[in-house]
Amino acid sequence: MAANQRAGGTVSPASSASSPVDAGLLPLTAEVRPEGLAVGGVLLADLARCHGTPLFVYDEEQLRQRCREAVAAFGPGNVAYASKAFLCTAMARLAHEEGLLLDVASGGELRAALGAGVPADRIVLHGSNKDEAELRTAMSAGVRHVVVDSFDELDRIERLHAEERLPVVRVQLRVAPGVAAGAHEAIRTGGSDSKFGFGLAGGTAERAARRAADSPAMLLEGVHAHVGSQVLDARELAAGAAAVARFAAGVPGRRLTVGGGLGVAYEAGQSVPSFADWAARVHAAVRGAGWDGQVGVEPGRSIAARAGLTLYRVGTIKRIEGVRTYVSVDGGMSDNLRPALYGSRYEAFLPRSPRADRPLRARLVGKHCESGDVIIDEAALPADLRVSDLLATPVTGAYGYAMASNYNKLPRPAVVFVRDGAARVVVRRETEEDLLRLDADGPAGPAGPGVLPGARRSGGGDLVAARPLGTA
Ligand SMILES: Cc1ncc(COP(=O)(O)O)c(C=O)c1O
Ligand SMILES: N[C@@H](CCCC[NH3+])C(=O)O
């Protein structure tokens with residue numbers, strides 16, 4: 001299909017889905033101008049021109065507002081941002097400035113948070129298989145607390161304290177309450193068949209609590225659970241909280257953390273509980289279960305998802321007669337793995353005409369070498385969609401960039417924050433050179449290119465290798 005050619009063909013006469021603008025899927029500061037959609041006072045088309053595509057765009061005002069709403073609902077000191085949803089230096093600083101603790105789940109996330117200047121005593125370390133190096137860094141730095149997840153981890157903490165004289169660390173005990181919730185099997189964590197935490201069933205959690213309470217290496221300050229993610233019914237989150245509260249009430253410590261999990265709307269028509277609804281349900285449930293101590297939460301998605309959107313450039317439009325239309329963009333499963341991993345659904349719109357009718361039905365796909373590289377299985381799009389159009393998918397601020405990969409050696413996109421008419425790059429776009437630099441034997445790798453003197457291919461060209469083949 002030639003550039004400029006329009007999609008045509010697969011128009012559904014039945015409906016034109018309501019615009020994402022009016023469905024509440026766009027960031028808070030989104031505004032429709034005659035020239036197209038702007039966020040944070042900046043036209044999306046200008047951002048794409050300046051920074052290229054694919055591009056993650058975050059509305060900084062919305063990120064801050066969500067942080068404030070969470071703190072207002074649960075109280076200062078009771079909200080940790082689950083940085084796995086989206087983390088970079090700017091995001092860590094923003095969450096810290098807004099009074100949130102930072103939940104990190106690996107040495108890398110810990111290092112990013114510390115490197116951003118977040119004080120160690122505002123950081124909480126998670127992980128179902130923390131290694132000694134991660135625990136060593138956390139204990140030496142003096143993190144707020146560690147959420148302990150296994151007997152092996154208790155052993156490691158005790159060894160680090162006894163043999164390396166690392167300070168006593170505050171811990172919360174992660175339990176698997178036997179209540180799981182969430183939009184997909186892969187993101188339900190609280191059931192009894194889970195790699196996370198100590199099971200309440202069979203007395204495992206009780207044994208772990210006794211062990212932690214008696215340990216000279218740690219101070220047991222409470223209990224933690226996380227039942228799952230993208231939960232749209234606050235009653236499910238409250239049921240998990242009640243189950244763990246009953247246990248926590250019999251354990252030393254005054255802190256109960258009930259995890260994250262609050263869902264967001266990805267499609268028009270989905271309704272989601274507010275932070276205030278979530279807090280009201282959880283507080284009522286844990287009080288009812290006999291808990292009168294502190295209640296903490298760790299929202300990730302519900303802080304970051306709607307603040308972010310992804311901009312793509314349409315590269316090809318392929319109409320297969322009697323089958324469907326494929327619209328391909330310049331990213332795909334490497335910047336949004338969620339549809340392939342969980343069957344997650346998204347919407348798309350054109351920033352040049354964000355409220356346009358979207359009667360065309362087409363499969364929105366990426367540029368990767370597999371058929372599963374689908375962003376939206378049946379996207380509703382404007383009928384005049386054409387090659388080289390800028391296209392946006394809203395609500396990609398959580399677990400988009402965070403789970404991005406370099407599949408097919410695609411460099412990961414840049415991330416920009418927009419606010420008050422200005423954009424700043426908070427994560428620069430990767431280059432192909434960045435990727436080649438990791439390849440020790442590659443042309444840009446640390447070993448540098450090497451040419452085997454005198455070596456010839458059968459065709460006669462120089463045989464290039466980082467070092468003579470057969471040497472160590
Ligand atoms: C322990 C823990 N806390 C918090 C979160 C954040 O979850 P969400 O992004 O669903 O709020 C997760 C991930 O699901 C988690 O595993
Ligand atoms: N990666 C998941 C959420 C996992 C939450 C972490 N425990 C998602 O994209 O929905």
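Residues numbered from 1 in each chain as written. Chains lettered and ligands numbered in written order. Predicted model: local features only at pLDDT ≥ 70, side-chain atom pairs only at ≥ 80, totals over all residues. Heavy atoms only, no water.

Named according to an unreviewed UniProt entry, the protein is Diaminopimelate decarboxylase originating from Peterkaempfera bronchialis. According to the UniProt record, the Pathway (unreviewed entry) comment for the protein reads "Amino-acid biosynthesis; L-lysine biosynthesis via DAP pathway; L-lysine from DL-2,6-diaminopimelate: step 1/1." (UniProt positions renumbered as here; feature names shortened; annotations may be inferred.)

**Q** Requested: an account of the overall build of the protein, with residues and values cited.
**A** Scanning the protein from N- to C-terminus turns up twelve helices and 22 strands. On C-alpha atoms alone, the protein measures out to a radius of gyration of 25 Å, which is about the 23 Å that the 2.2 N^0.38 rule sets for 472 residues. Principal-axis analysis of the C-alpha atoms gives the protein an extent of 70 × 70 × 40 Å. Out of the 472 residues in the protein, the part that is buried amounts to 53%. As displayed, the protein has an accessible area near 19500 Å², and 49% of this comes from carbon and sulfur atoms. (Helix = DSSP H or I, 4+ residues; strand = E, 2+ residues; numbered from the N terminus. Rg over C-alpha atoms; globule rule 2.2 N^0.38 Å. Buried < 20%, exposed > 50% of the residue type's maximum accessible area, 1.4 Å probe, protein only. Areas by Shrake-Rupley, 256 points an atom, 1.4 Å probe, with all protein chains shown as cover.)

**Q** Hey, could you go over the packing of helix H4 (residues 107-115) against helix H5 (residues 132-141) for me, with residue numbers and the actual values?
**A** Closest axis-to-axis distance for the H4/H5 pair is 9 Å, and the angle between their directions is 30°. When the axes of H4 and H5 are compared, the pair comes out roughly parallel. H5 is crossed by H4, and the crossing has left-handed handedness. In this structure, H4 contributes Gly-107, Leu-110 and Leu-114 to the contact, and H5 contributes Glu-134, Thr-137, Ala-138 and Ala-141. For the contact of H4 with H5, the residue count by class is four nonpolar, two polar and one charged. (Axes fitted to C-alpha atoms, helices over the stretch in contact; angles between N-to-C directions. Parallel < 35°, antiparallel > 145°, perpendicular 65-115°, else oblique. Left-handed = near helix turned anticlockwise from the far one by under 90°. Contact = heavy atoms within 4.5 Å. Nonpolar A, V, L, I, M, F, W, Y, C, P; charged D, E, K, R; others polar.)

**Q** Describe in detail the site of ligand 1, supporting the description with residues and values.
**A** Around ligand 1 sit 15 residues in total, of which His-226, Ser-229, Glu-298, Arg-301 and Tyr-399 are the nearest. Here an oxygen atom of ligand 1 sits 2.6 Å away from a polar atom, N or O, in the side chain of Tyr-399. The protein chains hide 93% of the 390 Å² of surface that ligand 1 would expose on its own. Residues belonging to the shell around ligand 1 are distributed by class as follows: three nonpolar, seven polar and five charged. (Near = heavy atom within 4 Å. Polar contact = N/O pair within 3.5 Å; in protein donor to acceptor, adjacent residues only side chain to side chain.)

**Q** Talk me through the sheet that holds strand E3 (residues 42-43); I want residue IDs and the actual numbers.
**A** Within the open sheet, the three strands sit side by side as E1-E2-E3. Their pairing is antiparallel. The open sheet has two edge strands with one neighbour each: strand E1 (31-33) and E3. Relative to E3, strand E2 (residues 36-39) is paired through two bridges, and the arrangement is antiparallel. Of the residues in E3, the one forming a bridge with Val-39 is Val-42. (Pairing = 2+ DSSP bridges.)

**Q** Lay out the nonpolar core with the relevant residues and their values.
**A** With 111 residues, the main nonpolar core has Tyr-81 and Phe-86 as its most contacted residues. Top element by residues in this core is helix H8 (residues 234-248). It accounts for eight residues. Among residues more than four places away in sequence, those in contact with Tyr-81 are Phe-86, Met-91, Ala-95, Leu-100, Leu-101, Leu-102, Asp-103, Pro-299, Gly-300, Ile-303 and Ala-304. Among the nonpolar cores identified, the runner-up in size contains 18 residues, and Val-21, Ala-48, Ala-392 and Ala-414 belong to it. (Core = buried A, V, L, I, M, F, W, Y, C linked by side-chain atoms within 4.5 Å.)

**Q** For the packing of aromatic side chains, give the residues involved together with the corresponding values.
**A** All told, the structure shown has eight aromatic pairs when counted by the stated rule. Measuring from ring centre to ring centre gives 6.3 Å for Phe-86 and Phe-417, while their planes differ by 50°; the resulting arrangement is tilted. Placement of Phe-86 in the loop between strand E5 (80-82) and helix H3 (89-97) and of Phe-417 in strand E19 (residues 414-419) is noted, with a sequence separation of 331 residues between them. For Phe-417, a relative accessible area of 1% translates into the label buried. Through a chain of ring-to-ring contacts, the aromatic side chains of Tyr-58, Phe-86 and Phe-417 assemble into a single cluster. The ring of Trp-291 carries the charged tip of Arg-254 above its face, separated from the ring centre by 5.8 Å. (Phe/Tyr/Trp six-rings, centres within 6.5 Å; stacked < 30°, edge-to-face > 60°. Lys NZ or Arg CZ within 6 Å of the ring centre and 35° of its normal.)

**Q** Describe unusual backbone geometry, naming the residues involved and giving the relevant values.
**A** With omega at -10°, the peptide bond leading from Thr-53 into Pro-54 counts as cis. Summarising the element assignment, Pro-54 is placed in the loop between helix H1 (44-51) and strand E4 (55-59). For Ser-388, which is not glycine, the phi torsion reads 85° and is therefore positive. Tracing the sequence through the fold places Ser-388 in the loop between strand E17 (374-381) and strand E18 (390-394).

**Q** I'd like a description of the packing of H8 against helix H9 (residues 275-288), backed by residues and values.
**A** It is at 8 Å that the axes of H8 and H9 come closest, and there the two elements cross at 30°. It follows that H8 is roughly parallel to H9 by the angle criterion. With respect to the hand of their crossing, H8 and H9 are arranged in right-handed fashion. Of the residues in H9, those in contact with Ala-234, Arg-235, Leu-237, Ala-238, Ala-241, Ala-242 and Ala-245 of H8 are Trp-278, Arg-281, Val-282, Ala-285 and Val-286. A per-class count over the contact of H8 with H9 returns ten nonpolar, no polar and two charged.

**Q** Before we move on, can you summarise the site of ligand 2 with the specific residues and values?
**A** What surrounds ligand 2 is the set Lys-84, Ile-187, Ser-229, Arg-301, Arg-338, Tyr-342, Tyr-399 and Met-403. Within the side chain of Tyr-342, an N or O atom sits 2.8 Å from a nitrogen atom of ligand 2. Contact with the protein chains covers 83% of the free accessible surface of ligand 2, which is 310 Å². When grouped by side-chain class, the residues that make up the shell around ligand 2 number four nonpolar, one polar and three charged.

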